Amino acid sequence: MTAEPNERASNGPSPPEPVVGNVSVETTRTSKAVLVVGGGVVGCLTALKLGQAGVDVDIIERLPETSNAPRACGYFGAVHHMLNDIGMYKLIRAEGFMTRELSFRKPPKDDDEGRGGKVLGDIVANLPLCAPNDDLTEPGSGLLNLPQAQLNILLLREALKTGHVQIHFNNELTHITSNDDSGVTVLTHNPKSGAQRQFEAKYAVAADGAHSTARKALGLPYPGHTWPERLIATNVMVQNVEETPMHTHFVMHPTFFSISTPLQDPAMGEKTLWRWTLAADPALEKCSDEELLTDEVIYAHYARCMPGPRPLDVDIVARSVYKTHQRLVPTMRKGNVLLAGDAAHCNHPFGALGLNTGMLDGEACAEALIMTLKDSFPPAQTLNTYSDSRRKVFQFFVDPTSTQNKLRVHSNPVETAAEDDWLLRDLNHMTPKKAVEMVRPYFEVWRTDMRKAVQGQDDDPSALVN
Ligand SMILES: Cc1cc2nc3c(=O)[nH]c(=O)nc-3n(C[C@H](O)[C@H](O)[C@H](O)COP(=O)(O)OP(=O)(O)OC[C@H]3O[C@@H](n4cnc5c(N)ncnc54)[C@H](O)[C@@H]3O)c2cc1C
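Keep in mind it's a predicted model, so treat the numbers as computed, not measured. (Residues numbered from 1 in each chain as written. Predicted model: local features only at pLDDT ≥ 70, side-chain atom pairs only at ≥ 80, totals over all residues. Heavy atoms only, no water.)

Novice: Provide a residue-level description of the packing of helix 2 (residues 78-85) against helix 8 (residues 354-373), including the pertinent values.
Specialist: Their axes nearest at 10 Å, the elements helix 2 and helix 8 cross at an angle of 40°. Classed by the angle they form, the pair helix 2 and helix 8 counts as oblique. When the axes of helix 2 and helix 8 are compared, the crossing they make is left-handed. Note on element contacts: helix 8 touches helix 2 through Asn356, Met359, Leu360 and Glu363, opposite Ala78, Val79, Met82 and Leu83. (Axes fitted to C-alpha atoms, helices over the stretch in contact; angles between N-to-C directions. Helix = DSSP H or I, 4+ residues; strand = E, 2+ residues; numbered from the N terminus. Parallel < 35°, antiparallel > 145°, perpendicular 65-115°, else oblique. Left-handed = near helix turned anticlockwise from the far one by under 90°. Contact = heavy atoms within 4.5 Å.)

Shown next, in the form of structure tokens:
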């Protein structure tokens, strides 16, 4: 998806263009209240909600169009209600589909036909998400599936439709300064031409991903740790031949663990698109990312975890390597800049708590800015409450849950995991009470109601500190 860059959003005559080095800096005198750094899902969702409230927003994005990298695809819990509240749930539901089950499996086993073929491994535990013919349409039910790249395009399209949002592709943030009184100044450069540009706004939202330049320019550290194994994420066309319904499933293994999830509703007997995400072989630790992405390496990984006849008849359509981390910034507010999504925190993707949490940040951060800009809430208290609330969500829910989701798949002996691990055991012996307890945090803890959170801060004098 592309949108024409706003060449010069002028608020009166422009001053002469300053020169930095040999490159002229085009000064954009903008009346925009908010500048969003990063046109990913979190940035576009934040801009959409602001635009819906009549707040003018510039988005700057370093790429020439929205990213197509193979990453998130499943959305659930309170995220459905948030998407419904901003008018997006039905649109996403119409383009996406419901995942039918989430299972934990042993590695595939021989199909006993003597030609090396494999069938799915035994189920260790299974979470049914919706019946095969169930067309869940109510927000809150099941796991809604739509590739992140498509979600990004949808959110951007709807944000632009508000008439209050503009996106400037090919503008990579190189520097950001925040001054509480006069607002935020951002310098960008065009990665292709080198042309530089300056944007100004009252507030900025740094949604520029895990390697956030904005976070670094603001001097914020990113404490936490990096998991030892890299992940190879592939989008792959796979023939659906299994009798057993094959939906999202983890392959449990101490080294070669993986998750596979459909990116299209998998019709039996047809080739459909899947995401296969594989823990990279530690023996290839010294290989570069490029070397991990060769057909040879990927097929060797598929061979261990993919069912089907051999040789495998699959077509890889996208591939990426990722390092994974558990990290959280010390504050999600620095002066007039709020951080959201992977720029503020990141976690292992098994369990789908990354983008989902980022979208809930986007909602809360847009709401905090609307309260400040439109409803005269005190800025310091409101923006600090955003930071505190969302950091608590990460510290008490997202970080431990995603850590344990990841460890569950590879650190428990697979033969005894179903009895040793409470979650796998509960899945196998589910009761209505256990089901309610299991999903409660995903509805009651994950999302932040900013207006209630600010009211709850009234007795806290530290909330008033800048
Ligand atoms: C294999 C894999 C699978 C995953 N699956 C899931 C899942 O199922 N569910 C889930 O919830 N999460 C999942 N995640 C995590 C999810 O992808 C991330 O949490 C999500 O992408 C974060 O969104 P974001 O908008 O914060 O950052 P990003 O998606 O990284 O977007 C940042 C944007 O900012 C732009 N940008 C970067 N630097 C600059 C700059 N200097 N100037 C201007 N623009 C800039 C980038 O080009 C990009 O468009 C997965 C991750 C991986 C690796």
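Novice: Explain the site of the ligand to me, using residue names and the numbers behind them.
Specialist: Neighbouring the ligand are 30 residues, the closest being Glu61, Arg71, Gln148, Asp342 and Leu355. In the model, an oxygen atom of the ligand is placed 3.2 Å from a nitrogen or oxygen of the Val42 main chain. Taking Gly354, its main chain carries an N or O atom lying 3.3 Å from an oxygen atom of the ligand. Within the complex, 92% of the 1,000 Å² of free accessible area of the ligand lies under protein. Those elements giving two or more residues to the shell around the ligand turn out to be helix 1 (41-52), strand 13 (172-179) and helix 8. When residues in the shell around the ligand are grouped by element, the largest group, 3 residues, is from helix 8. Of the residues that constitute the shell around the ligand, the class distribution is 14 nonpolar, 10 polar and 6 charged. (Near = heavy atom within 4 Å. Polar contact = N/O pair within 3.5 Å; in protein donor to acceptor, adjacent residues only side chain to side chain. Areas by Shrake-Rupley, 256 points an atom, 1.4 Å probe, with all protein chains shown as cover. Nonpolar A, V, L, I, M, F, W, Y, C, P; charged D, E, K, R; others polar.)

Novice: Outline the pairing of strand 4 (residues 57-60), listing residues and values.
Specialist: Burial of strand 4 is two-sided: the residues Val57 and Ile59 facing one way and the residues Asp58 and Ile60 facing the other way are all buried. Pairing between strand 3 (residues 34-37) and strand 4: 4 bridges, direction parallel. When the bridges of strand 4 are listed, Val37 appears paired with Ile60. Between the parallel pair strand 3 and strand 4, the chain is carried across by helix 1, and the sense of this crossover is right-handed. (Buried < 20%, exposed > 50% of the residue type's maximum accessible area, 1.4 Å probe, protein only. Pairing = 2+ DSSP bridges. Right-handed = clockwise from strand over helix to strand, strands pointing away.)

Novice: So, helix 4 (residues 148-161): which residues are in play, and what are the values?
Specialist: Here helix 4 is 14 residues long and its end C-alpha atoms lie 20 Å apart, about the 20 Å a rise of 1.5 Å per residue gives. Restricting attention to buried positions, one finds in helix 4 the residues Gln148, Ala149, Leu151, Asn152, Leu154, Leu155, Leu156, Glu158 and Ala159. Here the buried face of helix 4 lies against helix 1, strand 4, strand 5 (74-75), helix 3 (89-95), strand 12 (165-168) and helix 8. (Expected span 1.5 Å × (residues − 1).)

Novice: Describe unusual backbone geometry, listing the residues and the values that go with them.
Specialist: Pro311 follows Arg310 through a cis peptide bond whose omega is -5°. In this structure, Pro311 sits in the loop between helix 7 (295-305) and strand 22 (314-322). Despite not being glycine, Asp112 shows a phi value in the positive range, around 65°. Inspection of the secondary structure puts Asp112 in the loop between strand 8 (109-110) and strand 9 (118-119).

Novice: Tell me about the pattern of salt bridges, residues and numbers included.
Specialist: Enumeration according to the criterion identifies 23 salt bridges in this entry. Between Asp289 and Arg230 there is a salt bridge, with the nearest N and O atoms lying 2.8 Å from each other. Of the two residues, Asp289 sits in helix 6 (residues 289-292) while Arg230 sits in the loop between strand 17 (224-226) and strand 18 (231-239), which places them 59 residues apart along the sequence. One salt-bridge network, in which partners are shared between bridges, spans Lys49, Glu367, Asp375 and Arg451. (Salt bridge = Lys/Arg side-chain N within 4 Å of Asp/Glu carboxyl O.)

Novice: How would you summarise the sheet that holds strand 23 (residues 325-328) if you had to cite specific residues and measurements?
Specialist: Read from one edge of the open sheet, 3 strands run 17-23-26, paired in antiparallel fashion. Edge positions in the sheet fall to strand 17 and strand 26 (345-346), since each has one partner strand and no second.

Novice: Please set out the packing of helix 8 against helix 9 (residues 379-410) residue by residue, giving values where relevant.
Specialist: Interhelical geometry of helix 8 versus helix 9 gives an angle of 165° and a closest axis separation of 9 Å. Compared by their axis directions, helix 8 and helix 9 come out roughly antiparallel. Where helix 8 crosses over helix 9, the two elements pack in a sense that is right-handed. For the pair formed by helix 8 and helix 9, the contact residues are Thr357, Leu360, Asp361, Ala364, Cys365, Ala368, Leu369, Met371 and Thr372 on the first element and Pro379, Thr382, Leu383, Tyr386, Arg390 and Val398 on the second. Residue composition of the contact of helix 8 with helix 9, by class: 10 nonpolar, 3 polar and 2 charged.

Novice: Report on the side chain of Thr277, specifying residues and quantitative values.
Specialist: Mapped onto the elements, Thr277 comes out in strand 21 (residues 271-279). The buried category is assigned to Thr277, whose relative accessible area is 9%. For Thr277, the contacting residues outside a window of four places in its chain are Leu231, Ile232, Ala233, Phe257, Ser258, Ile259 and Phe350.

Novice: Which residues make up the nonpolar core, and what values do they have?
Specialist: By size, the foremost hydrophobic cluster in this structure holds 84 residues, and its most contacted members are Val34, Leu83, Met359 and Trp446. Both domain 1 (19-70 + 147-223 + 326-411 + 436-464) and domain 2 (97-145 + 228-323) contribute no fewer than three residues apiece to this core. Setting aside residues up to four positions removed in sequence, Leu83 forms contacts with Leu45, Met88, Tyr89, Ile92 and Met359. Among the nonpolar cores identified, the runner-up in size contains 19 residues, and Leu293, Val297, Tyr302 and Leu312 belong to it. (Core = buried A, V, L, I, M, F, W, Y, C linked by side-chain atoms within 4.5 Å. Domains from an automatic or database assignment.)

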